[in-house]
Amino acid sequence: MIIEENKSITKRYWFTWGFSSVIGTWLLLGSLAGPHLCSPVVGCIVESIMFIAIIISVVLLVIRSFKKNKLKLITPLILIVFFTPSTFFYLFYTV
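Residues numbered from 1 in each chain as written. Predicted model: local features only at pLDDT ≥ 70, side-chain atom pairs only at ≥ 80, totals over all residues. Heavy atoms only, no water.

Okay, the overall build of the protein next. Looking only at helices and strands, the protein features 3 helices and 0 strands. Shown N-terminal to C-terminal, the secondary structure of the protein runs as helices and strands in the order α-α-α. Here the protein holds 95 residues, and the buried ones make up 25% of them. Counted over contacts in the protein with a minimum sequence separation of 6, partners at least 24 positions apart contribute 75%. For the protein, the exposed area adds up to about 6900 Å²; of that, 77% sits on carbon and sulfur atoms. (Helix = DSSP H or I, 4+ residues; strand = E, 2+ residues; numbered from the N terminus. Buried < 20%, exposed > 50% of the residue type's maximum accessible area, 1.4 Å probe, protein only. Contact = heavy atoms within 4.5 Å. Areas by Shrake-Rupley, 256 points an atom, 1.4 Å probe, with all protein chains shown as cover.)

Below, the structure is given as C-alpha cells:
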C-alpha cells in the first residue's frame, strides 16, 4: 500500500518537473528570437510576468527550505533557472 502511494507521488513530481521544464525551455527559446517589438509605456508584459514568477519562486524556496520534504524545492528552482536568463534576454533584445 505504501509502495503504491509512493509511485503515484513520484509520477506526480515527474509530471510537474517535466511540465515546468517544458514551459521554461519554451520561454527561453522564445526570448532568444529577438528583437522584440514592445510598447514603450507598457513593455512586453512577458518580462513583468516573469519577474512575478521569479519573486514567487524565491518566496517558495524560502518557505519550503524549512520543511521536511526537499523534493518540493525542485520546481521553484527549475522556474528560477529558466526564467532568470529568459527575462534578461527579453530585456536585452527589446527594440
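Once the structure has been displayed, the description carries forward.
Attention now moves to a nonpolar patch on the surface. A cluster of nonpolar side chains, namely Leu-29, Leu-32, Phe-51, Phe-88, Leu-91, Phe-92 and Tyr-93, defines an oily patch on the protein surface of about 720 Å² accessible area. Its place among the elements puts Leu-29 in helix H1 (residues 2-31). (Patch = residues over 30% accessible without salt bridge, like charges linked within 9 Å, V, L, I, M, F, W, Y side chains within 5 Å. Salt bridge = Lys/Arg side-chain N within 4 Å of Asp/Glu carboxyl O.)

Once that is clear, we can look at the packing of aromatic side chains. Under the criterion given, the structure shown has 3 aromatic pairs. Measuring from ring centre to ring centre gives 5.3 Å for Trp-14 and Trp-17, while their planes differ by 75°; the resulting arrangement is edge-to-face. Taken together, the residues Trp-14 and Trp-17, both in helix H1 and 3 residues apart, mark about one turn of the helix. Measuring from centroid to centroid gives 6.1 Å for Phe-15 and Phe-19, while their planes differ by 10°, and the two rings are stacked. (Phe/Tyr/Trp six-rings, centres within 6.5 Å; stacked < 30°, edge-to-face > 60°.)

Turning to its location among the elements, Val-58 is positioned in helix H2 (residues 46-64). For Val-58 and Ile-80, which are 22 residues apart along the polypeptide, the C-alpha to C-alpha distance reads 7.7 Å.

So, about the nonpolar core. Counting residues in each nonpolar core, the largest one holds 6 residues, listed as Leu-27, Met-50, Ala-53, Ile-54, Phe-83 and Tyr-90. Going through the elements one at a time, H2 and helix H3 (74-92) are the ones with two or more residues in this core. With 3 residues, the top contributor of residues to this core is H2. (Core = buried A, V, L, I, M, F, W, Y, C linked by side-chain atoms within 4.5 Å.)

Here we come to the packing of H2 against H3. Direction vectors running N to C along H2 and H3 enclose 150°, while the axes themselves pass 9 Å from each other. The orientation of H2 relative to H3 falls into the category roughly antiparallel. For the crossing formed where H2 meets H3, the hand is left-handed. Touching Val-46, Glu-47, Met-50, Phe-51, Ala-53, Ile-54, Ser-57, Val-58, Leu-60, Leu-61 and Arg-64 of H2 are Pro-76, Leu-77, Leu-79, Ile-80, Phe-83, Thr-84, Ser-86, Thr-87, Tyr-90 and Leu-91, all from H3. Taken together, the residues that form the contact of H2 with H3 break down as 15 nonpolar, 4 polar and 2 charged. (Axes fitted to C-alpha atoms, helices over the stretch in contact; angles between N-to-C directions. Parallel < 35°, antiparallel > 145°, perpendicular 65-115°, else oblique. Left-handed = near helix turned anticlockwise from the far one by under 90°. Nonpolar A, V, L, I, M, F, W, Y, C, P; charged D, E, K, R; others polar.)

In this section: the environment of Ile-74. By secondary structure assignment, the location of Ile-74 is in helix H3. Judged by its relative accessible area of 31%, Ile-74 is partly exposed. Taking the C-alpha atoms as reference points, Ile-74 and Trp-17, separated by 57 residues in sequence, lie 7.5 Å from one another.

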